[in-house]
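A structural walkthrough
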Amino acid sequence: FHAAAISDDGCGKVLTWGHGSVGQLGHALNDDCCKPTPVGGPLLQELRKASNRVISVACGHYHTAAVCAHGQVLVWGHNRFGQLGLGCTDRKNQPHWLGGALENLRVTTVSCGGYHSAALTQEGHIFVWGQARFGQLGLKDPKHTIPKRVHMTNPNPPHLHESEVAVLKDELLPVPLLGVFQGKPTHCNTLQHTATHC
């Protein structure tokens, strides 16, 4: 119900618009906005001063996450299920740093599902948080309010061809990932050999 984009002026300004009732636009107000408007707040000003910038952004149903050039993650919006990963369930109407298990890691990609989120680190590790009622986090517990690492232990992912499984058994345990993608109920991961595993 909302959208986000990054400016191409070299500054990495985050622009959001659409439904804003729970802070998902990051404008400090909980109002809807019908035109692309820059996300504000002290953290984005701090980024610009540090020659850091937002390089990617993702939207869930009612929350937003962004990755910075130096590998940090910013989150804001609805948080009833811990989908912001801040260790609480309070909504945030301006960007907040996501720390915890990701504090000293370099995140390359973030993805938002309806009420959950995932991040891929430079080392190829997946971290997830938020609602897991249907198992979409790949963890046993139904809710996580902080990022938790998902361990890829299955040497025979069911969506791979036999030739790819043979390569995985011999060379790639744990399996390095290239991307994390979301659907409304689940997250999918793209393996280094271009197969997708959900």
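Data block above holds the structure.
Reading the values: the criteria
- Residues numbered from 1 in each chain as written.
- Predicted model: local features only at pLDDT ≥ 70, side-chain atom pairs only at ≥ 80, totals over all residues.
- Heavy atoms only, no water.
- Buried < 20%, exposed > 50% of the residue type's maximum accessible area, 1.4 Å probe, protein only.
- Helix = DSSP H or I, 4+ residues; strand = E, 2+ residues; numbered from the N terminus.
- Arc of directions from axis to C-beta.
- Contact = heavy atoms within 4.5 Å.
- 1 Å grid on protein atoms, 1.4 Å probe; cavity = no way out; pocket = protein on both sides within 12 Å on 5 of 7 lines; lining within 4 Å.
- Points joined across faces, edges and corners; volume = space filled by probe spheres on them.
- Nonpolar A, V, L, I, M, F, W, Y, C, P; charged D, E, K, R; others polar.
- Pairing = 2+ DSSP bridges.
- Axes fitted to C-alpha atoms, helices over the stretch in contact; angles between N-to-C directions.

**Examining helix 1 (residues 42–49)**
- Taken together, the buried positions of helix 1 are L43, L44 and L47. Looking down the long axis of helix 1, one finds its buried residues gathered within 100° of arc, a one-sided arrangement. In helix 1, those exposed residues whose orientation departs by more than 90 degrees from the buried face are P42 and K49.
- Contacts from the buried residues of helix 1 go to strand 4 (54–59), strand 5 (63–68), strand 6 (73–77) and strand 7 (92–98).
- Within two residues after helix 1, S51 carries a phi angle of roughly 55°, on the positive side.

**What to know about the layout of surface pockets**
- A volume near 170 Å³ is recorded for the second largest pocket.
- Forming the walls of the second largest pocket are H70, G71, Q72, V73, W97, L98, G99, L102, E103, L105, R106 and V107.
- For the lining of the second largest pocket, the per-class residue count stands at 6 nonpolar, 4 polar and 2 charged.

**Observations regarding the pairing of strand 2 (residues 14–18)**
- Summarising the sheet, strand 1 (residues 2–6) and strand 2 pair through 5 bridges and their orientation is antiparallel. Bridging from a neighbouring strand, I6 pairs with V14 of strand 2.
- Bridge analysis of strand 2 against strand 3 (residues 33–38) gives 3 bridges, and the strand direction is antiparallel. Looking at the pairing, T16 lines up with T37 of strand 3.

**Observations regarding the sheet that holds strand 6**
- Taken in spatial order, the 4 strands line up as 4-5-6-7 in an open sheet, and their pairing is antiparallel. Both edges of this open sheet fall to strand 4 and strand 7, since each of them pairs with a single strand only. Here the average twist between neighbouring strands, direction ignored, is 20°.
- Pairing geometry for strand 5 and strand 6, over 5 bridges, is antiparallel.

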